[in-house]
Amino acid sequence: MRNPFRRAAASFVASATGMDPSAFAVTDPPGHAAGDWAVGLFPAAKAKGANPAALAAEAAAAFTPRDGLASAAAAGPFVNFTADRAALAAGVLRDVEAAGARWGGSDGGAGRTVVIDFSSPNIAKHLAFHHIRSTMIGNALARLHRACGWKVVGVNHLGDWGTTFGMLLVAWEEWAAPGEVPTVDRLNDLYVRFRAAAKADPALDARARARFAALEAGDPAARALWGEFRRVSLEEYRQVYDMLGVSFDLVMGESEFEEFLGPAVEMLRSKGLVTESDGAEVVDLSADGMPPCLLRKGDGATLYATRDIAAALWRYEHHAFDRALYVVDRGQALHFRQWRRVLERAGFPFAAAVEHVDFGQVRFGGFKTGTRTGNVIRLREVLEEAIAVARRKIEEKNPGLAAKDLVARQVGVGAVIFNDLSNQRRRDVDFDWDRMLSFEGDTGPYLQYAHARTASMLRRVPAGLPAGDPARLLLPEEAAVLRLLADFPDRVEKAAADAEPCLVTTFLLDLCAAFSRWYDLGNRDPALKVLCEDRETAAARVRLARAVRATLERGLFLVGMEAPEEM
Ligand code: ARG
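Residues numbered from 1 in each chain as written. Predicted model: local features only at pLDDT ≥ 70, side-chain atom pairs only at ≥ 80, totals over all residues. Heavy atoms only, no water.

### Notes on the overall build of the protein chain
The test is simple: Helix and strand definitions here come from DSSP, where helices need a minimum of 4 consecutive H or I residues and strands a minimum of 2 consecutive E residues; each element is numbered from the N-terminal end. Only protein chains enter the accessibility calculation, which uses a 1.4 Å probe; a residue whose area is less than 20% of its type maximum is buried, one above 50% is exposed, and one in between is partly exposed. For the area figures, the Shrake-Rupley method with a 1.4 Å probe applies, and any residue is considered shielded solely by the protein chains shown. As used throughout, the charge tally considers Lys and Arg to be positive and Asp and Glu to be negative, leaving His and the chain termini uncounted. By convention, the point assigned to a charge is CZ for Arg, NZ for Lys, CD for Glu and CG for Asp.
Along its length, the protein chain carries 20 helices and 15 strands. Dimensions along the principal axes, computed over C-alpha positions, put the protein chain at roughly 80 × 65 × 40 Å. Looking at the protein chain as a whole, 53% of its 567 residues qualify as buried. As presented, the protein chain carries roughly 24,000 Å² of accessible surface, and 51% of it is formed by carbon and sulfur atoms. Counting 69 positive and 74 negative side-chain charges, the protein chain places the centres of these two groups 2 Å from one another.

Given below as structure tokens:
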């Protein structure tokens, strides 16, 4: 727990009951009507076999003001604490201002490494809309971990190997014009055409398997062509990643693990894990209630699982990770369960550190988006359309804005990203143009607008204001904002730990709501404006507004969004 006020509440209850502070959860009393923070006495009651309400009454009676806490009152099994308003403001503003661009971060992960496998599309296909999920969840997790002091290795584990490439080689050799240069579009068409043709002529599938075997064996012509497929795909992906502001520390294809596959299978064999089944080599997982993990097919071709085993070994060997996250849709849950079990059975110490960060699907107008049929919704097209809609809205609302194109990009792309990250990752995401791009409601544009509005107010701050005494921030609406700000570092840390970016997006919505309740007071009463007559008060309010703006910017950054200065 980083919030010093929550920590003070827990440690007071701990000392009053003779327990360890970590035993206590510090919660939020309903509506904060009865206090700023609450500590339930249940753990102490359990340990002592006592009544929690009696313990709460006893603890509250023994309270004297300390560490920014002004008062404590028992409410049933809870002790509710209220902050000393001036101490809350002084402490929070000091922390935000001292942290500067690192606000919200910590060094909790210092000395530790996390490898994050994200985006990881299959080449020779377009980045489809559903790729937004792995790409942006992974990107947020990379930024969140980095903010918490971790060393982050973000990996794009390209699907560039497997029998699909045998199919594409056959299709290209069969149907491409002489001298033709591949494009992802063309490869998509050829793939669809191959699947249709193979239905009528099963011999094609056999040829595809043979071509993939040739590719695996290093056949120069097959290699060269496959290299082209890979190159044009990556070029196209880079443009989309640039639009999204996403980058990787490593781009490695499954193909690059080819040389480690044999040794990996041998290692598993030496541990007695490999058995034969219908000519294929497998790890039997019946004892774990799972189907066998297929390592090598009858024709010697290796598989996705084998490559993931080899890749995990490689990652551990090269990056000695303390945590390895695989941001991949829940459709692959069985694969990752089998794979993890194989790593455990092989006795690799890092097996406990690998996590499948699974997520739900995107529904486009009520439909699931698929890739098998060939008619996918392209991520790039969605982003471009979102930018166009944002451009129209900006034109409407703020025709005089100078950097319209830049802001339309930030808002359009931001809307798509926020839509993806605003709920728990395991839930399915509904894609709804109107809702997503609205400037009101729980949307990206709403947050960005709040940021821009605050930034422009801050640009109007007159020169020569006094330093700003936090003791002027005594309104309950100000306390509500400060209380939230104090929680930001904990939210960031928890979002990284739980691999749950929505802890940050929902925090930002809560902060915006509290901020608006405070900011809008000025509409009722000029004395309640941030830039009010009283210069001392105005100076203190400006500090608070700056802290909110900084937190919005930082929070948006951590989930992969930009914070326009104007919009
Ligand atoms: N390329 C795979 C797919 O599109 C996802 C790869 C995820 N990462 C991994 N290490 N298996 O389904």
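### Focus: the nonpolar core
Defined as follows: For our purposes a nonpolar core is just a set of buried Ala, Val, Leu, Ile, Met, Phe, Trp, Tyr and Cys residues, chained together by side-chain atoms within 4.5 Å. Residue contacts follow a heavy-atom distance rule, with two residues in contact if any of their heavy atoms lie within 4.5 Å.
Ranked by size, the top nonpolar core spans 153 residues in total, and within it Phe81, Ile116, Phe129, Leu141 and Leu244 carry the most contacts. The residues contacting phenylalanine 81, other than those within four sequence positions of it, are Ala9, Phe12, Val13, Gly35, Asp36, Trp37, Val39, Phe63, Leu69, Ser71 and Ala72. Formed by 37 residues, the second largest nonpolar core is a distinct cluster that contains Val115, Val274, Ala310 and Ala353.

### A word on the environment of leucine 508
Among the secondary structure elements, leucine 508 is positioned in helix α18 (residues 502-519). It is 8.0 Å that separates the C-alpha atoms of leucine 508 and leucine 556, two residues lying 48 residues apart in sequence. When residues no more than four places from it in sequence are discounted, the contact partners of leucine 508 are Leu447, Thr551, Leu552, Gly555 and Leu556.

### Some remarks on the site of the ligand
Cut-off, in case you're wondering: It suffices for a single heavy atom of a residue to lie within 4 Å of a molecule or strand for the residue to be listed as near it. N or O atoms closer than or at 3.5 Å make up a polar contact, with two conditions inside protein: a donor-capable atom paired with an acceptor-capable one, and, for residues adjacent in sequence, both atoms drawn from side chains.
In the vicinity of the ligand, the contacting residues are Asp117, Ser120, Asn122, His157, Tyr304, Asp308, Tyr326, Val328, Gln332 and Phe336. Between a nitrogen atom of the ligand and a side-chain N or O atom of asparagine 122, the distance comes to 2.7 Å. Take glutamine 332: an N or O atom from its side chain is 2.8 Å from an oxygen atom of the ligand. About the coverage of the ligand: the protein hides 87% of its 350 Å² of free accessible area.

### A closer look at the confidence of the model for the protein chain
Formally: Per-residue confidence from the predictor is reported as pLDDT, a score between 0 and 100.
This prediction gives the protein chain a mean pLDDT of 95; 98% of its residues lie at or above 70. Across residues 370-374, where pLDDT falls below 50, the model places six contacts with residues more than four positions away in sequence or in other chains.

### What about the packing of helix α4 (residues 85-99) against helix α20 (residues 535-558)?
Where we set the bar: To get an axis, a line is fitted to the C-alpha atoms, and for a helix only the part in contact is used. The angle between two axes follows their N-to-C directions and goes from 0 to 180 degrees. An angle below 35 degrees is read as roughly parallel, one above 145 as roughly antiparallel, one from 65 to 115 as roughly perpendicular, and any other as oblique. What makes a crossing left-handed is the near helix being turned counterclockwise from the far one by less than a right angle; a clockwise turn instead makes it right-handed. Each residue gets one label: Ala, Val, Leu, Ile, Met, Phe, Trp, Tyr, Cys and Pro are nonpolar, Asp, Glu, Lys and Arg are charged, and the others, such as Gly, are polar.
It is the contact of α4 with α20, at a shortest axis distance of 10 Å, that shows an interaxial angle of 55 degrees. With respect to α20, the element α4 is oriented oblique. As α4 packs across α20, the resulting crossing turns out to be left-handed. For the pair α4 and α20, the contacting residues are Leu93, Val96 and Glu97 in the first and Arg543, Leu544 and Ala547 in the second. Its residues assigned to classes, the contact of α4 with α20 shows four nonpolar, no polar and two charged.

### Structural notes on the pattern of salt bridges
In plain terms, the rule: Salt bridges are defined by distance alone: a side-chain nitrogen of Lys or Arg within 4 Å of a carboxyl oxygen of Asp or Glu.
Throughout the structure, instances matching the rule amount to 44 salt bridges. For glutamate 254, the salt bridge goes to arginine 307, with nearest N and O atoms at 2.6 Å. With glutamate 254 in the loop between β7 (250-253) and α10 (258-270) and arginine 307 in helix α11 (residues 304-319), this residue pair connects regions lying 53 residues apart in the sequence. Its relative accessible area of 4% is what places glutamate 254 among the buried residues.

### A closer look at the pairing of strand β5 (residues 113-117)
Put simply, the test is: Whether a crossover is right-handed comes down to one check: with the strands pointing away from the viewer, does the path from the first strand over the helix to the second run clockwise; if it does, it is right-handed. Strand pairing follows a simple DSSP-based rule, namely that at least 2 bridges must link the two strands.
Burial analysis of β5 places five of its five residues in the buried class, which makes it a mostly covered element. The side-chain alternation of β5 yields two buried faces, one formed by Thr113, Val115 and Asp117 and the other by Val114 and Ile116. Handedness of the crossover is the feature at issue here: the chain leaves β5, passes through helix α5 (residues 131-147), returns alongside strand β6 (residues 151-158), and the resulting connection is right-handed. Relative to strand β11 (residues 323-327), β5 runs parallel, the two sharing four bridges. Residue pairing across strands places isoleucine 116 opposite leucine 325, the latter belonging to β11.

### Comments concerning the side chain of serine 106
By the secondary structure assignment, serine 106 is in the loop between α4 and β5. Assessed through its relative accessible area of 9%, serine 106 is described here as buried. Here the side chain of serine 106 touches glycine 108 through a polar contact of 3.2 Å, landing on its backbone nitrogen. Residues in contact with serine 106, not counting those within four places in the same chain, are Arg2, Ala147, Cys148, Gly149 and Glu493.

### Describing helix α7 (residues 184-200)
To keep it simple, the criterion reads: Every helix has an expected span of 1.5 Å times one less than the residues it contains. Along the arc lie the directions from the helix axis toward the C-beta atoms.
Between its terminal C-alpha atoms α7 stretches 25 Å, which fits the 24 Å expected from 17 residues at 1.5 Å a residue. Those residues of α7 lying buried are Val184, Leu187, Asn188, Leu190, Tyr191, Phe194 and Ala198. All buried residues of α7 project into a common sector of 165 degrees when viewed along the axis, lining one side. Pointing more than 90 degrees away from the buried face of α7 are the exposed residues Lys199 and Ala200. Tucked into the core, α7 has its buried residues touching α6 (163-175), α8 (203-216) and α9 (220-244).

### Considering the sheet that holds strand β9 (residues 280-283)
Strand order in the open sheet formed by three strands is β8-β9-β10, and the pairing between neighbours is antiparallel. The sheet is open, and its two borders are formed by β8 (274-277) and β10 (293-296), each paired with just one other strand. The mean inter-strand angle of the sheet, taken between neighbouring strand axes irrespective of direction, is 45 degrees. Taken together, the three bridges between β9 and β10 define a ladder with antiparallel strand orientation. Residue pairing for β10: valine 283 is matched across the bridge by cysteine 293. Helix-sheet contacts for α10 involve β8, β9 and β10, and the interaxial angle to β10 is about 125 degrees.

### Some points on the sheet that holds strand β1 (residues 26-27)
The strands making up a sheet associate through backbone hydrogen bonding, with each pair oriented either parallel or antiparallel. Spatial strand order, β1-β2-β4-β3: four strands in an open sheet with antiparallel pairing. Taken across any chain shown, the strands that pair with only one partner, and hence form the sheet edges, are β1 and β3 (69-75). Relative to strand β2 (residues 37-40), β1 is paired through two bridges, and the arrangement is antiparallel. Considered in β2, the bridge of valine 26 is made with valine 39.

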